Amino acid sequence: MTYDSNNIFARILRGEIPCDRVYEDDHVLAFNDIAPQAPVHILVIPKGDYLSIDDFGAKASAAEIKGFFAAIDHIAAARGLKANGFRCIANTGTHGGQEVPHFHMHILGGGPVGRMVPGA
Ligand code: AMP
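The paragraphs below set out a description of the structure included in this document. Values in this document were obtained by computation on a predicted structure and should not be read as measured data. Here the residue index of a chain counts from 1 through its sequence in written order. A pLDDT threshold of at least 70 governs which residues receive local features in this predicted model, and a stricter bar of 80 or more applies before side-chain atom pairs are shown or counted, although totals over entire chains, interfaces and linings include all residues. Only hydrogens and water are set aside when side-chain values are computed; all heavy atoms of the structure are taken into account.

### Structural notes on the overall build of the chain
Right, so step 1: The secondary structure content of the chain amounts to three helices and five strands.
Right, so step 2: Order of helices (α) and strands (β) in the chain, N terminus to C terminus: α-β-β-β-α-α-β-β.
Right, so step 3: Taken over C-alpha atoms, the radius of gyration comes to 14 Å for the chain, in line with the 14 Å a tight globule of 120 residues would show.
Right, so step 4: With the principal axes as the frame, the chain shows a C-alpha extent of 35 × 30 × 30 Å. A run of H or I in DSSP counts as a helix once it spans at least four residues, and a run of E counts as a strand once it spans at least two, with each numbered from the N terminus. Note that the radius of gyration is over C-alpha atoms, with the globule rule given as 2.2 Å times the number of residues to the power 0.38.

So this is what it looks like as structure tokens:
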């Protein structure tokens, strides 16, 4: 699968579509999910064109990878999620239920977020 530069997160990165931004630096943009599944539901996306977490792991530079995870740490601290914990999810591909083909990490928290796989 090749990267589709018209996916909605690519369009948000280009400023063509607004987002509810919570954090931005050289490597990432983070914004509130439009359909939150927890009291805190933030999406963290790399600025580079990566389809999925495995594509990111295979192709991103060390600086991009470090920057991505440092941003998650920064956001978790800023939103007060570190004391009681939170969950990160990277839906990947068809079986993983990935809807937007630009790598993104969901940060879910602000309260108990339930079982890892609903119904399991
Ligand atoms: P996934 O199934 O992991 O690809 O999740 C995509 C997520 O993007 C869903 O949780 C959507 O609610 C969210 N989403 C889609 N469009 C937007 C948007 N314009 N702004 C913020 N979140 C969005």
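### Brief notes about the site of the ligand
Right, so step 1: Note on definitions. A residue lies near a molecule or strand when any single heavy atom of the residue is within 4 Å of it. In the vicinity of the ligand, 16 residues are found, and the nearest of them are Asp33, Asn91, Glu99, His104 and His106.
Right, so step 2: Between N or O atoms, a polar contact is any pair within 3.5 Å; within protein, one atom must be a potential hydrogen donor and the other a potential acceptor, and residues adjacent in sequence are included only when both atoms are from side chains. Take asparagine 91: an N or O atom from its side chain is 2.9 Å from an oxygen atom of the ligand.
Right, so step 3: The Shrake-Rupley method, run with a 1.4 Å probe sphere, supplies the accessible areas, and residue values consider only the shown protein chains as cover. For the ligand, the accessible surface in isolation is 510 Å², of which the surrounding protein chains cover 86%.
Right, so step 4: For the shell around the ligand, the element with the highest residue contribution is helix α1 (residues 8-13), accounting for three residues.
Right, so step 5: The residue makeup of the shell around the ligand, split by class, is eight nonpolar, six polar and two charged. The residue classification treats Ala, Val, Leu, Ile, Met, Phe, Trp, Tyr, Cys and Pro as nonpolar and Asp, Glu, Lys and Arg as charged. All others, Gly included, are polar.

### Points about the state of the cysteines
Right, so step 1: To count as a disulfide, a pair of cysteine sulfur atoms needs to be within 2.5 Å. Following the criterion strictly, the structure yields zero disulfides and no others.
Right, so step 2: Free cysteine: cysteine 19, not disulfide-bonded; nearest cysteine sulfur from cysteine 88 at 18 Å.
Right, so step 3: When accessible area is computed with a 1.4 Å probe and restricted to protein chains, residues below 20% of their type maximum are described as buried, those above 50% as exposed, and intermediate ones as partly exposed. Among the residues examined, cysteine 19 registers a relative accessible area of 31% and is labelled partly exposed.

### Structural notes on the side chain of aspartate 33
Right, so step 1: Mapped onto the secondary structure, aspartate 33 falls in the loop between β2 (28-32) and β3 (40-46).
Right, so step 2: At 2.8 Å, the side chain of aspartate 33 forms a polar contact with the backbone nitrogen of alanine 35.
Right, so step 3: Ignoring any residue separated from it by four or fewer positions in sequence, one finds aspartate 33 in contact with His41, Ile42, Leu43 and His106. Throughout, a contact is declared for two residues whenever any of their heavy atoms are within 4.5 Å.

### Examining the pattern of salt bridges
Two side chains with opposite charge may pair up if their charged atoms get near one another.
Right, so step 1: Here, a salt bridge means any side-chain nitrogen of Lys or Arg that lies within 4 Å of a carboxyl oxygen of Asp or Glu. If you walk through the whole model with that rule in mind, you get six salt bridges.
Right, so step 2: Of the charged contacts, one joins arginine 14 and glutamate 16 as a salt bridge, the two residues approaching to 2.8 Å between their closest N and O atoms.
Right, so step 3: When its relative accessible area of 42% is taken as the criterion, arginine 14 is described as partly exposed.
Right, so step 4: Glutamate 16 sits in the partly exposed class, given a relative accessible area of 42%.
Right, so step 5: Salt-bridge contacts for lysine 59 lead to aspartate 55; the nearest nitrogen and oxygen are separated by 2.7 Å. One end of the pair is lysine 59 and the other is aspartate 55, both in helix α2 (residues 53-59) and four residues apart, which spans about a single turn.
Right, so step 6: Residue lysine 59 is classed as exposed on the basis of its relative accessible area of 59%.
Right, so step 7: Residue aspartate 55 is classed as buried on the basis of its relative accessible area of 11%.

In short, shape yes, function no, at least from these values alone.
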